[in-house]
Amino acid sequence: MQWDSRAKIIFKQDWDDYHLFRIETPKIAAEARPGQFLMVRVSDTPYPLLRRPISIHSREKNSLEIFFQVAGQGTALLSRKKEGETLDIIGPLGKEFIPDWEHLGIAYLIGGGRGIAPLYFLGKELKKLGAEVHVLYGGKTLADLPVKEKFKKAGLGMTCSTDDGSFGFHGFVTDLLENEIRKTTPQILFICGPDAMMNKAAELAAAHKIPARISLESMMGCGFGACWGCVKRIKKSDNGKWRKICEDGPVFWAEEIIWEEAE
Amino acid sequence: MMVDLSVDLGFLKLRNPVLAASGTFGYGLEFAPFMDFDKIGGIVVKGLYFGPREGNPPPRLVETTGGLINAIGLQGVGVEKFSEEVLPKLRELDTAVVVNICGASDEEYVKVIEYLDRQEGIDAYELNISCPNVEKNGFCPALDPDTTRALVKQAKAAGRRPIIAKLSPNVTNIVEIARAAEDGGADGISLINTLLAMAVDVETRRPKLANIFGGLSGPAIKPIALRMTYQVATAVKIPVIGMGGIMTAADAIEFLIVGAKAVQVGTANFIDPASTMRIAGEMKDFCERKGIKKITELIGTIKI
C-alpha cells in the first residue's frame, strides 16, 4: 500500500456518465493486482468529506487507469478534474481477483455497467497466465457500454448485452451467462456489477457448480480497515461475523456471501 | 525557534497535545504505513469490550454536509485478542497508548479494566460511556450524572491506571455530567463523542443507516464541541481533552484556547491518514509564527 498525494492525470476520456483517467503513479502501479482499488480524494473542502473507493481498471507501466460512473456528488466532482491536475490516492487496497490456482482454464468475466471497470485489468492478467478469457458486458442501453472496443483491441473476446436491446444480446447479462454456460463449461467466473446482477450470477454459478469470484461495492470510511464501516456478513469465516469489504474483500468467493442481508 | 509542544495532563505527559481519537484509528497499526507515531502525542485505540463484538448491520456509514454519521456499533476483537496480538506491537511505538474501555454492564467495564491492568504498555484508560450506537435510541451511561459518577468510581477502583471519562454531547447540561465524572474520581475528561443523528433516503423514505440513528462527527460538529469543551474546562479542575471535527492545527488551537489541555483528531484520519502528525506539525508552525515558546501558553487564554 502506498500513498501518492500528487498522482498526475495524464489522460482523460469522458462519456456522458462515465469517465476514464490515466494516472501517473509508479509506486502504486508497481504493486497493483486486478480486483484491488484506490481511495481517491475528491475534494479539498469538508464536503464531500470522504475519499471514494474506485477500482483499478488498467495498468500501463508507471500509470494506472480508473474507470468510473458518476454516482453522487463525490464522483461528480472527481469527473470534473482535468488532464494535468493531480489526484491524492491511496492504494492498491484490498484482495485481488485471481485465485492461486495452477491452471485457470476457461474464465468468464461478467460485468454489469460500471462493474466492468476491474475486469479489463483482470482479463489482461488472466490472458498472460494462459487462461481462455471470455468477457460478458451488460448495460441498460448502448450508452452504458463505453469501453467495449477497448477489450476487443486487447484481444479479449467479448459479448455484449443491453436490457433494451439497443446493442448486442437483448436481455440481462445474466441471461447471456446462462446461455454461455449451456454451451461451454467455464472453470471459473469473475463477477462485478449491481447487487441484483451479482446475486443472479452467483445463483447460476452455484447451480452449475462453477467457482465464482465476486467483487463487492461499498461506501467506505477509510478503505484500509480502520473504521469498520464497510462490512458484509460472510459465511464460514469468524463464525459469520461482519467482515470488512475493504480489507477482507472487495473480492470474495460467491458462496461466502449472504445475499439476503446484502440488500 | 524551539517550540515546546509538550503538555502534562498530570497523570500523563504527552510529547504534543495531539492524540488520535478512538474509533477512527483502528488499533493504531493500520496507520503505520502513513505516519510516524513518534510525531504525535498518542493514540486512543478502538473501544474494547471483554469479548469480541459483532457490531451493527450495514449500512453503517452515511456522509452528510461536512460530516459523517456512523453506526458501527463498536465491532471489535475483545481484550484477549487485543492483548495478545495488538498490544505487543503498540508497546514498540514511541507514543502514549490510551485504551478505550466499553461495557454492556458495570461489571463488564470492571472486567475489561481488570484484564488490561495485567498487561503492560497502556498509559491510561478512556472510559467509553458515551457511544450512541449500542443501545436503543442512543442511550448511554453518560446521559445521566448519577450513572456517570457511579461508573467512573467503579472503574477507578478496578484498576491502577488513570481514567479519562469520555462524555456525550447528547445531554441538556454537559457541565453537570462533567462534574459527576470528576466527583466519581476521573483523572481527566474527554469530549465530545458523536452527536446522535439520522439521515433519510428520499427515494425509499428509509433511514440511510440500518441502525436508524448514528453518531455525527466531522467538521460539522466542531462549534458544538468547542462550546462544550469551553463549558466543561471552566467548570472542572481535572484536565480536559477536546475533540470534535478537528481537521487543522487552527481547529485544534481553538480547543486549547477554550481550555483543553490536549485534543483528539478523529474523522480527519479517514481522509488524511497522517492528520494527527500534520496537525502537530502545523501547531509548531503556528507557535513559531506567533513567537510562542510553549504550547501551554495558549491553554485557557480565551479573552471574554
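These numbers come from a predicted model, not from an experiment.

K.L.:
Give a detailed account of unusual backbone geometry, specifying residues and quantitative values.
P.N.:
Gly249(A) connects to Pro250(A) through a cis peptide bond whose omega is 10 degrees. Its place among the elements puts Pro250(A) in the loop between α7 (245-248) and β15 (251-253). Geometrically, the link from Pro58(B) to Pro59(B) is a cis peptide bond, its omega value of -5 degrees lying close to zero. Along the chain, the position of Pro59(B) falls in the loop between β4 (42-48) and β5 (61-64). Of note, Lys61(A) is a non-glycine position whose phi angle comes to about 50 degrees, a positive value. Looking at where Lys61(A) falls in the secondary structure, it is placed in the loop between β4 (52-60) and β5 (63-69).

K.L.:
Residue-level account of the domain arrangement of chain A, with values.
P.N.:
Residue and element names in this part refer to chain A. On domain assignment, one finds that chain A holds domain 1 (2-93) and domain 2 (106-215). Relative to domain 2, the C-alpha centre of domain 1 lies at a distance of 23 Å. Opposite the 13 residues of domain 1 that make contact, domain 2 presents 12 residues. Within the residue set of the side of domain 1 that touches domain 2, elements represented by two or more residues are β4 and β5. Counting residues per element, the side of domain 1 that touches domain 2 draws most heavily on β4, which supplies five residues. Broken down by class, the residue content of the side of domain 1 that touches domain 2 amounts to six nonpolar, five polar and two charged.

K.L.:
Any details on the sheet that holds strand β3 (residues 37-40) of chain A? Residues and values, ideally.
P.N.:
Residues and elements named next belong to chain A. A barrel is described by the order of its strands in space; here six strands give the closed sequence β1-β2-β5-β4-β3-β6, paired in antiparallel fashion. Each strand axis lies, on average, 45 degrees off the axis of its neighbour in the sheet, ignoring direction. Bridge analysis of β4 against β5 gives four bridges, and the strand direction is antiparallel. Residue pairing across strands places Ser58 opposite Glu65, the latter belonging to β5.

K.L.:
Quick one: what's the story with helix α4 (residues 174-183) of chain B, residue by residue and with numbers?
P.N.:
All names here are of chain B. Listing the buried residues of α4 in full gives Ile174, Ile177, Ala178, Ala180, Ala181 and Glu182. Along its buried surface, α4 packs onto α3 (145-158), β9 (163-166), β10 (188-191) and α5 (222-233). Looking one or two places after α4, you find Gly185, whose phi comes out positive at around 105 degrees.

K.L.:
Outline the interface of chain B and chain A, listing residues and values.
P.N.:
In this complex, chain B contributes 27 residues to the contact, which on the side of chain A involves 23 residues. Elements with a minimum of two residues in the side of chain B that touches chain A: β5, β6 (67-70) and α7 (268-271) of chain B. Element by element, the count of residues in the side of chain B that touches chain A is highest for β6(B), at three residues.

K.L.:
Tell me about the nonpolar core, residues and numbers included.
P.N.:
Ala201(A) and Ile189(B) are the most contacted members of the largest nonpolar core, which totals 186 residues. Residues contacting Ala201(A), with those up to four places away along its chain left out, are Ile110(A), Thr174(A), Leu177(A), Leu189(A), Ile191(A) and Ala212(A).

K.L.:
Explain the packing of helix α2 (residues 106-117) of chain B against α3(B) to me, using residue names and the numbers behind them.
P.N.:
All names here are of chain B. Interaxial distance between α2 and α3 falls to 9 Å at its minimum, and their mutual angle equals 25 degrees. Relative to α3, the element α2 is oriented roughly parallel. Viewed along their axes, α2 and α3 form a crossing whose handedness is right-handed. For the pair α2 and α3, contact is made by Asp106, Tyr109, Val110, Ile113 and Glu114 and by Leu151, Gln154, Ala155 and Ala158, respectively. A class-by-class count of the residues in the contact of α2 with α3 yields six nonpolar, one polar and two charged.

K.L.:
Tell me about the packing of α3(B) against α4(B), and please be specific about residues and values.
P.N.:
Residues and elements named next belong to chain B. Viewed as axis vectors pointing N to C, α3 and α4 meet at an angle of 25 degrees, and their least axial separation amounts to 7 Å. By the angle class used here, α3 and α4 are roughly parallel. Judged by the twist between their axes, the crossing of α3 over α4 is right-handed. Contacts between α3 and α4 involve Pro145, Asp146, Thr148, Arg149 and Val152 from the former and Glu176, Ile177, Ala180, Ala181 and Asp183 from the latter. For the contact of α3 with α4, the residue count by class is five nonpolar, one polar and four charged.

K.L.:
Can you lay out the sheet that holds strand β16 (residues 262-265) of chain B for me, pointing to particular residues and giving the numbers?
P.N.:
Picture the strands of a sheet paired through backbone hydrogen bonds; they go either parallel or antiparallel. All names here are of chain B. What the eight strands build is a closed barrel, ordered β3-β4-β7-β8-β9-β10-β15-β16; its pairing is parallel. Strand-to-strand twist across the sheet, computed as the mean angle between neighbouring axes with direction ignored, equals 25 degrees. Looking at chain direction, strand β8 (residues 124-128) and β9 are connected through four bridges and run parallel. The residue of β9 that forms the bridge with Glu126 is Ile164. The strands touched by α3 within the sheet are β8 and β9, with β9 carrying the most contacts at an inclination of about 155 degrees.

K.L.:
Break down the pairing of β3(A) for me, citing the residues and quoting the values.
P.N.:
Residues and elements named next belong to chain A. Here β3 shows a buried face lined by Phe37 and Met39 and a second buried face lined by Leu38 and Val40. Of the strand pairs in this sheet, β3 and β4 are connected by four bridges, and their pairing is antiparallel. Bridged to Val40 within β4 is Arg52. Where β3 lies against strand β6 (residues 86-93), three bridges are found, and the strand directions are antiparallel. Paired with Val40 across the bridge in β6 is Ile89.

About the criteria used
Residues numbered from 1 in each chain as written. Chains lettered and ligands numbered in written order. Predicted model: local features only at pLDDT ≥ 70, side-chain atom pairs only at ≥ 80, totals over all residues. Helix = DSSP H or I, 4+ residues; strand = E, 2+ residues; numbered from the N terminus. Domains from an automatic or database assignment. Contact = placed C-beta atoms within 7 Å. Nonpolar A, V, L, I, M, F, W, Y, C, P; charged D, E, K, R; others polar. Pairing = 2+ DSSP bridges. Axes fitted to C-alpha atoms, helices over the stretch in contact; angles between N-to-C directions. Buried ≥ 20, exposed ≤ 12 C-beta atoms within 10 Å, placed from the backbone. Core = buried A, V, L, I, M, F, W, Y, C linked by C-beta atoms within 7 Å. Parallel < 35°, antiparallel > 145°, perpendicular 65-115°, else oblique. Left-handed = near helix turned anticlockwise from the far one by under 90°.

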